[in-house]
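Coordinate analysis (summary)
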Amino acid sequence: MAPPPAISFGRLGSVGVLLVLSLLCWGPPARAEGLVADLTSHLIAITTGFTGASVVLFGATDGFGDVIVAVRGPEREMPVRRKSRVAGIWVNTQAVTFANVPSFYAVTASRPMPDVLSPAAAAFYRLGIPNLKLAASTPAPSIVVDTFRTALERTQQEAGLFVERMGKVDFLGERLFRSTITFPANVPTGTYLVEVFLVRDKDVVSGQTTPLVVSKVGVDASVFEFATRQPGFYGAIAVLTAIMAGWLASLPFRGA
């Protein structure tokens, strides 16, 4: 039997590629309705001058089907405030806090989501921004919560932290697939989850979750850690540094 044609994954150079090819192309599938996937890197390193980054997700299925990829950043509390004009001054007059907001969320698929997945399955697996199920921890009428939730989603999308369609999942042949995951310069740090779903007949039949760490490294990491552990000292140093910089800047003009 002739070997299958060579397929380029770009600069993968990863043992995971060989594992995918050997297990799913030459050998029988480990289980019915399955997939296997991996990332070219499991670390996004934020250094000075960081302008964003991307990693490649690659994998294979054990048969036909569509693939959906969702990337979720660590969840956090996020307040949403409404400003109103009071006595000629804009002030915060109402706020709603949401407790389970992903710091980053992006989703992509091999075909448009409505053509791939049923609304019920999309809601169950929380796929798509409308299905994130952001819950308010602040007591408020449902109509108020819905308004603030819409504002939160819009703000996150404008910041590039909620991405409804992040590129596309491309199939290389019938079973091999890949997708490029892009992160903006303002991506928050933490442990991310990259979820990969195999879909058939508009329902999820298999899935896999892979971790991805976004972390500051080098001098930036040391400064961030010091500022977090010793905020008082960090603030004092920042103030003294600003005073010293101002004094040095004024020296050329003292003799004028």
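The following refers to the structure shown. As the structure is a prediction and not an experimental result, all values here were calculated from the model.

Let us now look at the overall build of the protein. Across its full length, the protein carries six helices and twelve strands. Across the 256 residues of the protein, 36% fall into the buried class. Considering only contacts within the protein whose residues lie at least 6 apart along the sequence, 72% involve residues at least 24 apart. For the protein, the accessible surface area stands at approximately 14400 Å², while carbon and sulfur atoms represent 62% of it.

This structure, assessed with the given rule, holds seven aromatic pairs. Centre to centre, the rings of Phe 104 and Phe 183 are 5.3 Å apart; their planes meet at 40°, and the pair counts as tilted. One end of the pair, Phe 104, is in the loop between strand 6 (89-102) and strand 7 (105-109); the other, Phe 183, is in strand 10 (residues 176-183), and 79 residues separate them in sequence. Residue classification places Phe 104 among the buried positions, given a relative accessible area of 0%. Exposure remark for Phe 183: the relative accessible area of 2% places this residue in the buried category. When the ring of Phe 124 is compared with that of Tyr 125, the centres are 4.9 Å apart and the planes differ by 85°; the resulting orientation is edge-to-face. For Phe 124, a relative accessible area of 62% corresponds to the exposed category. On the accessibility criterion, Tyr 125 (27% relative accessible area) is partly exposed. One aromatic cluster in this structure is built from Phe 104, Phe 183 and Tyr 192. For Arg 200, the ring lying beneath its charged end belongs to Phe 64, and the centroid distance is 5.0 Å.

Calculation rules
Residues numbered from 1 in each chain as written. Predicted model: local features only at pLDDT ≥ 70, side-chain atom pairs only at ≥ 80, totals over all residues. Heavy atoms only, no water. Helix = DSSP H or I, 4+ residues; strand = E, 2+ residues; numbered from the N terminus. Buried < 20%, exposed > 50% of the residue type's maximum accessible area, 1.4 Å probe, protein only. Contact = heavy atoms within 4.5 Å. Areas by Shrake-Rupley, 256 points an atom, 1.4 Å probe, with all protein chains shown as cover. Phe/Tyr/Trp six-rings, centres within 6.5 Å; stacked < 30°, edge-to-face > 60°. Lys NZ or Arg CZ within 6 Å of the ring centre and 35° of its normal.

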